[in-house]
Amino acid sequence: MKKYINRYSLILLAFILFSCEDRLEEIVPEDDIISSSLFETEVGAASAIIGIYSTAQDKDTFGGTTIAMDAFMADDADFVGSFTTFADVEDYVTLSDNTSIEVVWRDLYQVIGAANSAINNIPLSPDPNFTQDERNQFIGEAKFLRAMAYLWLANWFSQPFQFDNGNNECVPIITEDFTEPSQVNNFRIGRNTLNEVHSFIESDLLDAISFLPSRINNVGRASKGAAMALLARLKLYREEWSEATSLSNEVIEDSNFVLALNYDFYDQLTSEDIFTIINTTDDNQDANIALSDFFNPTGTGGRGDAPFSENLLEAYDQDTDERFISLNQTGNDANRESKIFTSKYPDGQNTSDNFPILRITEMYLIRAEANLRGLSSVGAEPIADINLLRERAELEPLTGTLALDQILLEKRKELAFEGHRRMDLLRNRRSLRRPGMLNIEESQFGADKTILPIPQRDRDQNLELSQNQGY
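Residues numbered from 1 in each chain as written. Predicted model: local features only at pLDDT ≥ 70, side-chain atom pairs only at ≥ 80, totals over all residues. Heavy atoms only, no water.

1. Structural notes on helix H4 (residues 84-91)
Applied cut-off: Burial classes follow relative accessibility: with a 1.4 Å probe on protein chains only, a residue under 20% of its type's maximum area counts as buried, one over 50% as exposed, and anything between as partly exposed. The helix count covers DSSP runs of H or I at least four residues long, the strand count covers runs of E at least two residues long, and both are numbered beginning at the N terminus. Contacts are assigned to residue pairs with any non-hydrogen atoms lying within 4.5 Å of each other.
Of all the residues in H4, the buried ones are Thr85, Phe86, Ala87, Val89 and Glu90. Among the structural elements, helix H3 (64-73), helix H5 (99-121) and helix H11 (291-295) are those in contact with the buried residues of H4. Where H4 ends, the next residue or the one after it, Tyr92, has phi of about 60°, a positive value.

Quick look at the structure:
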């Protein structure tokens, strides 16, 4: 019943957003969202775009699975749950038939397939009421979501840019329509390089920047600012400091986005948020493996799977740092031991918490790092950006010469449990684990299992897909 309610809600939302009351009856069910006939009308195209966002809500796209794996594959969380597929990731013994990894690959390509259909078919719509501005906005949103899906795939299934200057294998770029994720394999093509995938992502984001409005009155919809922010992240990953600085600075100067005064903004959809995957209790968060399940103790409805690691706890001044004081809770983990958990995703009972993909805090951190490493001071001196965040956390300002390690530490504490830590370590050629933790050797930069395997199921169907080293 939940699925049918959610589909009805999406159709109703499309109806409200695009003021097309007289053509509502033309919308087809969400199951048919990628049929080319859906794009014959403005209303059908509107429902298709909402459908891409619905696909993006799945916990195996931009939500629970990847954010949780980021935390316990690196050094921010311990995985103590019963899912062996996740325990294998934490222990660096993953195999290519890991079913949790299979669905990450599958569901991200499902987002891509839905976006491809919109991008390819909206320009062909014969509806005379479908204005060019509306077409551009919808295409811009689809390109933003496609770019985000390819960036997630690149981050997880390819070594970072720093490994081989981006010449290493990544994932297949597919721009044709396909109605099911499994049909990706019908194209029988191999993997593109990381540079090619990054170039494709950049092209999509530049189009999105040109097509999208400055901000839609809903941080759950893509905007120009969201596309610029995601491109700033990509440029940081590629060590293109000038571009990363310029893009992050422009987002910071956009009055639509404002640094929150305290940490009450989590799950509240405020001007701190640039782009967020919005969830409700009726959305498609599978029971037991959503963000709030991983990160909540058992007494609040969660599984207690991923408490703070001792190493992350030691990184905070627990008596004074509001990023810890305001955002932690104590409860039993999956082994019935008392542990400290984040409280960023409090709804363990209904798994309705939002996924914070981009927020303005990250832009200050990108600007600080890119300015420091690019020997520039666009918008502000790097230490000024870091001290602005420390002031919000009620910490004393840093003085003297700012070091990269200090920026990375502040970023770790600011964005813990939001999916950033693993890539920040890898792109800086660092181990995913700290001294004294397990799997030090296996977690070194460039080690085989710091990235995920191409699912064997897909390789069996597409013999052109090569496997990552070590799998």
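From this point, the discussion proceeds with the structure in view.
2. A few points about the pairing of strand E4 (residues 355-359)
What counts is decided by this rule: The criterion for strand pairing is that DSSP finds at least two bridges linking the strands in question.
Summarising burial for E4: five of the five residues are buried, a large majority. Relative to E4, strand E1 (residues 273-277) runs antiparallel, the two being bridged by four bridges. By the bridge assignment for E4, Ile277 is matched with Phe355.

3. Focus on the environment of Ile357
Positionally, Ile357 belongs in strand E4. Between the C-alpha atom of Ile357 and that of Ile277, which follows or precedes it by 80 residues, the distance is 7.0 Å. The residues touching Ile357, leaving out its near neighbours within four places in the chain, are Phe62, Met148, Trp152, Arg233, Phe275, Thr276, Ile277 and Glu362.

4. Structural notes on the nonpolar core
So the rule is basically this: To define a nonpolar core, start from buried Ala, Val, Leu, Ile, Met, Phe, Trp, Tyr and Cys residues and group those joined through side-chain atoms within 4.5 Å.
Counting 123 residues, the largest nonpolar core has Phe144 and Tyr150 as the members making the most contacts within it. Among the elements that make up this core, the one with the highest residue count is helix H6 (residues 132-157) (15 residues). Ignoring sequence-local partners within four residues, the contact set of Tyr150 consists of Tyr109, Ile112, Val171, Pro172, Ile173, Ile174, Val197, Phe200 and Ile201. With seven residues, the next largest nonpolar core counts Phe265, Tyr266, Leu327 and Leu395 among its residues.

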